[in-house]
Amino acid sequence: MSPEGRPTSAAQTSLSRIMTALDTNLLGTVHGGVIMKLVDDVAGAVAQRHAGGPAVTASMDEMTFLEPVHVGNLVHAHARVNWTGRTSMEVGVRVVAEPWNEVKPPTPVAAAYLVFVALGPDGKPREVPPVLPETDEDRRRFAEAEIRRTHRLARREAILRSREQGHAEV
Ligand SMILES: CCCCCCCCCCCCCCCC(=O)SCCNC(=O)CCNC(=O)[C@H](O)C(C)(C)COP(=O)(O)OP(=O)(O)OC[C@H]1O[C@@H](n2cnc3c(N)ncnc32)[C@H](O)[C@@H]1OP(=O)(O)O
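Residues numbered from 1 in each chain as written. Predicted model: local features only at pLDDT ≥ 70, side-chain atom pairs only at ≥ 80, totals over all residues. Heavy atoms only, no water.

### Some points on the packing of aromatic side chains
(1) Moving on: In total, this model carries zero aromatic pairs according to the counting rule given.
(2) Moving on: Over the aromatic face of Tyr 113 sits the side chain of Arg 148, whose NZ or CZ is 3.5 Å from the ring centroid. (Phe/Tyr/Trp six-rings, centres within 6.5 Å; stacked < 30°, edge-to-face > 60°. Lys NZ or Arg CZ within 6 Å of the ring centre and 35° of its normal.)

In structure tokens form, the structure reads like this:
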């Protein structure tokens, strides 16, 4: 029996961190990898909350860095399930930054889409509850996630076909 559906709002959550000198790259701004870790953490939390059990990152694509992040920024990563398949889920993450000690509107600094796959006790993919979009925005995100899913599968197919035709693997 398939698991019962869950609304988008049920699993959505946020993670926040203040950036310190330990988070910088050689240019003095915050390393992109630090933001990616925060994104993977919050998306993983949302995926596991939605799936009701363990879920692993299968892919992270369209990670966009919009503005540099600085030491002393309070960074918030907001995540939600955009779309569900049979065993996989697309999680969308929006990252914003604000000064830790001043009241200013948060600036969008990054965005990403990740695919998580739920695992059963045998370590194999297991069915996830279908996400039930509630608002027009949820429905728009769901439709756009389906377009990304189609492109991901088409890209994978095309690469496999190219390999079968004898092009060398890198
Ligand atoms: C100081 C304060 C700290 C606070 C801190 C808090 C942290 C609080 C939260 C922590 C949260 C952490 C979260 C971290 C999460 C990890 O870090 S997980 C570690 C990294 N990831 C891994 O190790 C995964 C390794 N990969 C695998 O195990 C396998 O490839 C997978 C992903 C299970 C897929 O297995 P498979 O046999 O290929 O599966 P298959 O049956 O072919 O496909 C299953 C589904 O996956 C989809 N799929 C498979 N591959 C892909 C792909 N590459 N792209 C897209 N979809 C795919 C298929 O389309 C299919 O979807 P459905 O049609 O069923 O919906």
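### Notes on helix H2 (residues 32-51)
(1) Moving on: With 20 residues, H2 extends 28 Å from end C-alpha to end C-alpha; this agrees with the ideal 28 Å at 1.5 Å per step.
(2) Moving on: For H2, the full list of buried residues reads Val 34, Ile 35, Leu 38, Val 39, Val 42, Ala 43, Gly 44, Val 46, Ala 47, His 50 and Ala 51.
(3) Moving on: Gly 52 occupies a position one or two residues after H2 and carries a positive phi of about 70°. (Helix = DSSP H or I, 4+ residues; strand = E, 2+ residues; numbered from the N terminus. Expected span 1.5 Å × (residues − 1). Buried < 20%, exposed > 50% of the residue type's maximum accessible area, 1.4 Å probe, protein only.)

### Topic: the nonpolar core
(1) Moving on: Judged by nonpolar contacts, the single largest core of 32 residues is most densely connected at Ile 35, Val 39, Met 89, Val 91, Val 93, Val 95 and Phe 116.
(2) Moving on: Ranked by residue count, the leading element in this core is H2, at nine residues.
(3) Moving on: Apart from the residues within four sequence positions on either side, Val 39 is in contact with Met 60, Met 63, Val 93, Val 95, Ala 112 and Leu 114. (Core = buried A, V, L, I, M, F, W, Y, C linked by side-chain atoms within 4.5 Å. Contact = heavy atoms within 4.5 Å.)

### Digging into the UniProt feature "domain: HotDog ACOT-type" (unreviewed entry) in the protein
(1) Moving on: Residues given the UniProt feature "domain: HotDog ACOT-type" (unreviewed entry) here are residues 9-122.
(2) Moving on: Taken end to end, residues 9-122 has its terminal C-alpha atoms 29 Å apart, with 20% of it in helix and 46% in strand. (UniProt positions renumbered as here; feature names shortened; annotations may be inferred.)

### Some details on the site of the ligand
(1) Moving on: Close to the ligand lie 17 residues, the nearest being Thr 57, Arg 86, Thr 87, Ser 88 and Arg 149.
(2) Moving on: Take Thr 57: an N or O atom from its main chain is 3.0 Å from a nitrogen atom of the ligand.
(3) Moving on: Within the complex, the protein chains bury 50% of what would otherwise be the 1,400 Å² of accessible surface of the ligand.
(4) Moving on: When residues of the shell around the ligand are traced back to their parent elements, those giving at least two are H2, strand S3 (55-65), strand S6 (107-118) and helix H3 (136-164).
(5) Moving on: Here the shell around the ligand gets four residues from one element, more than from any other, and that element is S3.
(6) Moving on: Grouping the constituent residues of the shell around the ligand by class yields six nonpolar, six polar and five charged. (Near = heavy atom within 4 Å. Polar contact = N/O pair within 3.5 Å; in protein donor to acceptor, adjacent residues only side chain to side chain. Areas by Shrake-Rupley, 256 points an atom, 1.4 Å probe, with all protein chains shown as cover. Nonpolar A, V, L, I, M, F, W, Y, C, P; charged D, E, K, R; others polar.)

### Some points on H3
Structurally, the α-helix is built with 3.6 residues per turn, so residues lying three or four positions apart point the same way.
(1) Moving on: With 29 residues, H3 ought to run about 42 Å at 1.5 Å a step, and its terminal C-alpha atoms sit 42 Å apart, in line with that.
(2) Moving on: Those residues of H3 that fall on the buried side of the exposure criterion are Asp 138, Arg 141, Ala 145, Arg 148 and Arg 152.
(3) Moving on: Structurally, H3 contributes buried residues whose contacts are with helix H1 (8-11), S3, strand S4 (73-84), strand S5 (88-99) and S6.
(4) Moving on: Where H3 terminates, the next one or two residues include Gly 166, which has phi positive at roughly 100°.

### Here we look at unusual backbone geometry
Backbone geometry follows two general trends: most residues other than glycine have a negative phi, and most peptide bonds adopt the trans configuration.
(1) Moving on: The phi dihedral of Glu 62 is positive, around 55°, even though this residue is not glycine.
(2) Moving on: By secondary structure assignment, the location of Glu 62 is in strand S3.
(3) Moving on: Taking relative accessible area as the criterion, Glu 62 reaches 47% and is therefore assigned partly exposed.

### Overview of the sheet that holds S4
(1) Moving on: Reading across from one edge, S2-S4-S5-S6-S3 is the order of the five strands in this open sheet, with antiparallel pairing throughout. Of all the strands in the sheet, just strand S2 (13-18) and S3 have a single pairing partner and so form its edges. Each strand of the sheet is rotated relative to its neighbour by a mean of 25°, with strand direction disregarded.
(2) Moving on: For S5 and S6, the ladder comprises ten bridges, and the chain directions are antiparallel. Note on S6: the bridge partner recorded for Met 89 is Phe 116.
(3) Moving on: Across the face of the sheet, H2 comes into contact with S2, S3, S4, S5 and S6 while running at roughly 135° to S3.
(4) Moving on: Against the sheet, H3 engages S3, S4, S5 and S6, with an angle of about 75° to S4. (Pairing = 2+ DSSP bridges. Axes fitted to C-alpha atoms, helices over the stretch in contact; angles between N-to-C directions.)

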